[in-house]
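Below, each chain spelled out in residue letters.
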Amino acid sequence: MAKRFYRVDSMKDLSLYDMGGTARRLNLYAFEIAWEVANKVGGIYTVIRSKAGATCDELGDQYCCMGPYKEHAARTEVEFVEFPRDSPHLKAVSTLRDWGYKVYTGRWLVDGNPQIILFDVGSAAWKLHDFKRDLWESANIGLPWEDIETNDALIFGFMVAEFLQEFERAAVAESPDVAPKISAHFHEWLAGVGLIMLRCRNVQIATLFTTHATLLGRFLCAGSVDFYNNIHNFDIDEEAGKRQIYHRYCLERGAAHLAHVFTTVSDITAWEAQNLLKRKPCIVTPNGLNVKKYTAIHEFQNLHAKAKDKINEFVRGHFYGHYDFNLDKTLYFFSAGRYEFMNKGVDMFIESLARVNHYLQASNSDKTIVAFLIFPTKTHNFNVDSLRGQAIAKQLRDTIHTIQGEVAHRMYEICLGGRMPDEHELLTKDDKSRLKRCIFALHRSNMPPITTHNVDGDTEDPILNAFRRCKLFNNRSDRVKVIFHPEFLSPTNPLFNLDYEDFVRGCHLGVFPSYYEPWGYTPAECTVMGIPSVTTNLSGFGCFMQEHISDPKSYGIYIIDRRYKSAEESVQQLAHHLFEFTKMSRRQRIIQRNRTERLSELLDWRNLGKFYHNARNLALHRVFPDFSMSLESEAGRFRYPRPISEPSSPSSSQVPSDEEGDDDVDEAKELEALSQHGDDD
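Residues numbered from 1 in each chain as written. Predicted model: local features only at pLDDT ≥ 70, side-chain atom pairs only at ≥ 80, totals over all residues. Heavy atoms only, no water.

> It is not clear to me how the overall build of the protein chain should be interpreted in this structure. Could you clarify?
Within the protein chain, the regular secondary structure consists of 26 helices and 17 strands. Per-residue burial for the protein chain yields a buried fraction of 59% across its 681 residues. Long-range pairs, those at least 24 residues apart, make up 75% of the contacts in the protein chain between residues at least 6 apart in sequence. Summing over all exposed atoms, the protein chain offers an accessible surface of approximately 28,500 Å²; the carbon and sulfur share of this is 51%. (Helix = DSSP H or I, 4+ residues; strand = E, 2+ residues; numbered from the N terminus. Buried < 20%, exposed > 50% of the residue type's maximum accessible area, 1.4 Å probe, protein only. Contact = heavy atoms within 4.5 Å. Areas by Shrake-Rupley, 256 points an atom, 1.4 Å probe, with all protein chains shown as cover.)

Put into structure tokens, the structure is as follows:
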């Protein structure tokens with residue numbers, strides 16, 4: 001091939017992003033409804049927030065987000081302003097306010113600044129009984145009184161449905177010549193009531209429903225069920241009833257079946273929804289990221305080095321007294337997310353670490369792995385030993401800096417006198433005493449802690465028990481060290497002094513061997529920051545990468561087979577990948593990070609947003625047959641080729657030292673990166 005393409009710039013149809021010009025001309029309106037609009041609860045917040053910029057570039061002010069009013073979040077995320085006078089939005093809002101509902105309007109302070117409408121659920125709570133009766137008479141779905149979360153979702157759904165009804169009337173009255181074409185996209189069962197009522201009332205609005213993870217699927221997997229092998233055998237109604245979520249399941253299934261277009265976020269979730277919700281999704285809409293937020297162009301290698309230096313400082317303090325390994329030959333692995341021990345594959349990660357520890361010891365490897373597990377859980381504050389280690393390291397560092405300044409001053413004065421200083425003139429007896437006190441303070445009789453906090457109920461904690469079972473105690477002889485950090489990272493953290501993004505940049509490999517992961521934002525974030533990651537073919541991200549990359553491993557995406565292999569075989573595969581990663585030279589890891597970073601455009605919303613565009617147009621076409629349905633046929637059809645510099649045999653790419661392996665590099669960009677960042681690993 002004369003030329004290779006690694007970026008997907010050619011996939012971006014700039015005519016699609018005209019700031020709403022086409023939407024205004026066609027009189028299109030698009031609403032996006034979710035419980036997590038301006039209300040951070042989980043991953044859906046990230047989806048809608050990160051997508052807002054690309055959607056506003058396409059639809060402009062014809063696009064509007066709707067969610068519940070949560071004062072603590074809205075105060076910092078929303079600029080409250082009214083809609084323009086005589087707009088159908090303001091007319092519909094005014095009608096609801098006349099009914100006694102509290103409705104807030106403004107701009108969401110995220111990329112794109114989309115219009116936003118927030119509904120105060122409490123202001124309509126007095127109609128809860130009427131809403132429940134209406135839902136039963138319209139859809140034969142009954143809701144228990146004691147389920148507060150479902151009650152809030154019911155009120156929110158009715159407020160949204162009534163707003164959209166009034167908006168449709170106002171939009172028709174405003175432009176009788178060109179009929180308005182309105183679409184409403186609902187995310188998850190918490191917003192599903194609004195969709196159900198719109199359809200039951202025959203409102204002329206195109207509806208879409210996206211499930212990011214089925215309710216029953218998440219419950220079943222959390223219960224350690226062999227989910228994927230038995231999915232065809234479950235009695236769905238019985239399983240939902242046993243878990244007391246049957247009414248929620250009915251809302252989710254009703255919304256999925258009544259929507260004009262039903263979508264999920266990945267192929268694996270589409271298969272799950274087809275079996276549990278009994279409807280095959282019309283379109284898969286993968287989750288993307290606002291890549292511009294993470295873009296560092298040629299700086300990402302330098303950012304890796306700077307962040308790694310901060311992690312090095314933590315490691316020096318944490319392992320004081322046992323600091324007998326070379327940080328230049330130490331690799332940082334990490335896993336992070338919600339504390340779902342089985343679903344997130346933490347059990348498999350720890351088991352694999354134990355095996356890699358044995359492999360490294362048996363092969364007399366000079367490499368050391370420090371594995372961080374960041375999963376928030378209840379704690380009683382920081383571990384005293386962890387804080388002491390950082391304090392002792394800081395004391396030694398400050399003492400050396402002080403002595404260094406004094407020595408420099410003495411050397412300067414002696415040299416000004418015209419002679420070379422003697423050793424005893426530079427380092428005084430007092431200096432040596434201060435250094436000895438610091439060195440003696442480094443002695444410890446216990447081993448470095450395996451957790452940074454005092455975990456509540458540590459005898460029952462799954463991660464700590466897995467460490468104990470696998471005998472990962474941070475012994476001197478262990479080549480794999482483990483650290484459980486049971487809270488999210490922030491710049492105010494007294495141990496790391498890093499936010500999560502910088503921490504990820506400083507690591508060498510993210511490990512996410514999930515059993516249940518409808519998408520997986522953690523490996524996606526690693527990818528856009530140029531950090532290789534491990535995922536599985538049971539995660540949406542892993543399936544997406546398998547579909548769009550000819551050889552994911554060569555781009556730093558290691559995909560573990562958890563669908564067609566036994567648990568033991570999957571553990572062996574993961575342990576093999578981790579061990580092989582330790583054999584890579586610094587030079588090869590830099591090349592691999594360059595390749596990983598190239599994939600960032602593939603995950604950009606300006607590319608993946610076309611799937612939402614297609615879903616919206618399909619829904620509009622089904623409601624308004626005269627609507628010309630233009631689908632972006634190229635969306636997602638690009639496939640990354642195998643890199644030219646990747647050898648045909650995977651094993652031949654593993655080189656034991658930095659001096660070997662020159663023949664496996666012949667791409668100009670990789671050579672240039674090596675010359676610029678040769679010491680940044």
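> What is the right way to look at the packing of aromatic side chains in this model?
We describe a pair of aromatic rings using the distance from one ring centre to the other and the angle between the two ring planes. Counted according to the given criterion, the structure contains 39 aromatic pairs. For the ring pair Y332 and F372, a centre distance of 5.9 Å and an interplane angle of 65° mean the geometry is edge-to-face. Remark: F372 occurs in strand β11 (residues 368-374) and Y332 occurs in strand β10 (residues 330-336); sequence separation between them is 40 residues. A residue is classified by how much of its surface remains accessible, and Y332, at 0% relative accessible area, is buried. (Phe/Tyr/Trp six-rings, centres within 6.5 Å; stacked < 30°, edge-to-face > 60°.)

> Can you walk me through the pairing of strand β1 (residues 28-33) in this structure?
Two faces make up the sheet, and in a regular strand the side chains alternate between them. Here β1 lies mainly inside the structure; six of its six residues are buried. Covered by surrounding structure in β1 are L28, A30 and E32 together with Y29, F31 and I33, the residues of both alternating faces. Here β1 pairs with strand β6 (residues 181-187) via six bridges, running parallel. Bridging across to β6, Y29 finds its partner in I182. Here four bridges tie β1 to strand β2 (residues 63-68), and the two strands are oriented parallel to one another. Its bridge partner being in β2, A30 is matched across the sheet by Y63. (Pairing = 2+ DSSP bridges.)

> Please clarify how empty space enclosed by the protein should be interpreted in this entry.
One water molecule sets the probe size; rolling that probe over the atoms shows where empty space is left. What the rule picks out here adds up to four cavities of 30 Å³ or more. In this structure, the largest cavity spans a volume of roughly 70 Å³. Around the largest cavity, the lining residues are A30, F31, E32, K51, T55, Y63, S183, H185, L208, Y612 and R616. Counting only elements with at least two residues in the lining of the largest cavity, the list comes to β1, α2 (43-59), β6 and α25 (605-623). Here the second largest cavity defines a volume of roughly 60 Å³. Lining the second largest cavity are Y17, K51, A54, T55, E58, W605, G609, Y612, H613 and R616. Where the lining of the second largest cavity is concerned, the elements lending two or more residues are α2 and α25. (1 Å grid on protein atoms, 1.4 Å probe; cavity = no way out; pocket = protein on both sides within 12 Å on 5 of 7 lines; lining within 4 Å. Points joined across faces, edges and corners; volume = space filled by probe spheres on them.)

> How should the sheet that holds strand β4 (residues 103-108) be read in this particular structure?
Taken in spatial order, the nine strands of this open sheet run β3-β4-β5-β2-β1-β6-β7-β8-β9, and their pairing is mixed. Two strands in the sheet have a free side with no partner beyond their single neighbour: β3 (78-80) and β9 (283-284). Of the strand pairs in this sheet, strand β7 (residues 206-211) and strand β8 (residues 261-264) are connected by four bridges, and their pairing is parallel. Its bridge partner lying in β8, F209 is registered against F262. Where helix α6 (residues 148-174) meets the sheet, its contacts fall on β1, β2, β5 (115-119) and β6, and the angle it forms with β1 comes to roughly 175°. Each of β7, β8 and β9 touches helix α12 (residues 267-276); the most contacted strand, β8, lies at about 125° to it. (Axes fitted to C-alpha atoms, helices over the stretch in contact; angles between N-to-C directions.)

> Is there a simple way to explain the environment of R606 in this structure?
Here R606 shows up in helix α25. Take R606: its relative accessible area is 22%, and that puts it in the partly exposed class. Distance from R606 to D57, taken between C-alpha atoms, is 9.1 Å for residues 549 residues apart in sequence. In this structure the side chain of R606 is engaged in a polar contact, spanning 2.9 Å, whose partner is the side chain of D57. (Polar contact = N/O pair within 3.5 Å; in protein donor to acceptor, adjacent residues only side chain to side chain.)

> What am I meant to see in α12 here?
For α12, a buried count of seven out of ten residues is recorded, marking the element as mostly surrounded by other parts of the structure. Regarding α12, the residues found buried are I268, T269, A270, E272, A273, N275 and L276.

> What's the story with the sheet that holds strand β14 (residues 480-485) in this structure? I'm lost.
Backbone-to-backbone hydrogen bonds join strands into a sheet, with any given pair of strands oriented parallel or antiparallel. Spatial ordering of the open sheet is given by β14-β11-β10-β15-β16-β17, a layout of six strands whose pairing is parallel. Here the strands that pair on one side only, and so sit at the sheet edges, are β14 and β17 (557-560). On average, adjacent strands in this sheet sit at an angle of 25° to one another, irrespective of strand direction. Where strand β15 (residues 509-511) meets strand β16 (residues 533-536), two bridges bridge the pair, whose relative direction is parallel. Its bridge partner being in β16, G510 is matched across the sheet by S533. The strands that helix α19 (residues 462-469) touches are β11 and β14; relative to β14, the one it contacts most, it runs at about 165°.

> What is the right way to look at the nonpolar core in this model?
General note: in soluble globular proteins, nonpolar side chains tend to be found buried as a group. Within the largest apolar cluster, 75 residues are counted, with the highest numbers of intra-cluster contacts made by F31, F119, F163, L164, F186 and F227. Ranked by residue count, the leading element in this core is α6, at twelve residues. When residues are assigned to domains, this core turns out to be shared by domain 1 (27-284) and domain 2 (322-383 + 449-602), each giving three or more. In this view, F227 contacts G217, L220, C221, F234, E272, L276, Y515 and Y516; residues no more than four positions away in its chain are not counted. By size, the runner-up hydrophobic cluster in this structure holds 51 residues, among which are L16, Y17, V370 and F503. (Core = buried A, V, L, I, M, F, W, Y, C linked by side-chain atoms within 4.5 Å. Domains from an automatic or database assignment.)

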